[in-house]
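Reading the structure
Chain by chain, the residues run as shown.
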Amino acid sequence: PMLRFRNLVFPQIAGNAGTVGGSYRGHAGCKHERITQRQPITPELSSPMVEVVEINDVDELSHYRLVWNSLFPATPNASYFLTFDWFETYWRHFGHDQKMRVLVVYGGGEPLGILPLCVRRESYRVGKVRVLTYPLDNWSTWYGPIGPNPATTMLAAVQHIRRTPRDWDMMELRWVAGDGVQG
């Protein structure tokens, strides 16, 4: 069976293969939560081990600058709004009322992609709603995963989100590119 999310199609993974791995040391003494996937997400992954590291602090995110910058050139239709410099500047000026949820996806120990997300309160007819979304604020025409394989990154990220405590009421990934644009 396939899972369809807007214009991306993912193979469905049976069962609940992930486990929460607690804290471990990451880059330069940072502590991260690790989610380990015991089945391959896509057939092209060389290792069956997929890890998602979630970063919730802009200072901690600075340790991932080189990883982000190395994945950026391979991002289909990349724009300035997907750069590390834009995200860091945006967050320092506009992130005070939001929760950062940047997901870094690794396969076989190698970085596969990054999905920058945030949780913010937005007003709807029913009242204030916590929305898990892209940190864009209508400043670009599209947004999405950073790296050469957005579908693999998105699938691993969504599975991570499914397994972590829910701090949002609605997930709305706006500004997703049309068919053929995102890669």
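Our subject in this report is the structure included herewith. Not measured: the values here are computed from a predicted model. (Residues numbered from 1 in each chain as written. Predicted model: local features only at pLDDT ≥ 70, side-chain atom pairs only at ≥ 80, totals over all residues. Heavy atoms only, no water.)

Looking now at the nonpolar core. Core analysis: the largest hydrophobic core is formed by 40 residues, its most contacted members being Leu61 and Phe87. Of all the elements in the fold, those that place two or more residues in this core are strand S5 (50–55), helix H1 (58–61), helix H2 (65–71), helix H3 (84–94), strand S6 (98–107), strand S7 (110–124) and helix H4 (150–163). The contacts of Leu61, once residues within four sequence positions are left out, are Ile55, Trp68, Phe84, Phe87, Met100 and Val102. (Core = buried A, V, L, I, M, F, W, Y, C linked by side-chain atoms within 4.5 Å. Buried < 20%, exposed > 50% of the residue type's maximum accessible area, 1.4 Å probe, protein only. Helix = DSSP H or I, 4+ residues; strand = E, 2+ residues; numbered from the N terminus. Contact = heavy atoms within 4.5 Å.)

On to the environment of Glu172. Position of Glu172 relative to the elements: it lies in the segment after strand S9 (170–171). Of the residues examined, Glu172 reaches a relative accessible area of 25% and is grouped as partly exposed. Aside from chain neighbours lying at most four places away, what touches Glu172 is Tyr124, Val131, Leu132, Thr133 and Tyr134. A polar side-chain atom of Glu172 sits 3.3 Å from a polar atom in the side chain of Tyr124. (Polar contact = N/O pair within 3.5 Å; in protein donor to acceptor, adjacent residues only side chain to side chain.)

With a phi angle near 55 degrees, Asn77 is a residue other than glycine that sits in the positive phi range. The residue Asn77 is located in the loop between H2 and H3 in this model. Asn77 sits in the partly exposed class, given a relative accessible area of 43%.

According to the stated counting rule, one finds ten aromatic pairs in the structure shown. Between Tyr80 and Phe81, the ring centres sit 6.2 Å apart and the planes meet at 65 degrees, which makes this aromatic pair edge-to-face. Taking relative accessible area as the criterion, Tyr80 reaches 51% and is therefore assigned exposed. The class of Phe81 is partly exposed, set by a relative accessible area of 22%. Ring plane angle 15 degrees and centroid distance 5.8 Å describe the contact between Phe87 and Trp91, whose orientation is recorded as stacked. Taken together, the residues span about one helical turn, with Phe87 and Trp91 both in helix H3 at a distance of four residues. Of the two residues examined, Phe87 and Trp91, each falls in the buried class. Ring pairs connect the aromatic residues Trp68, Tyr80, Phe81, Phe84, Trp86, Phe87, Tyr90, Trp91, Phe94, Tyr134 and Tyr143, which therefore count as one cluster. Positioned over the ring face of Trp168 is Arg166, at 4.0 Å from the centre of the ring. (Phe/Tyr/Trp six-rings, centres within 6.5 Å; stacked < 30°, edge-to-face > 60°. Lys NZ or Arg CZ within 6 Å of the ring centre and 35° of its normal.)

Spatial relationships are all this shows, so hold off on functional conclusions.
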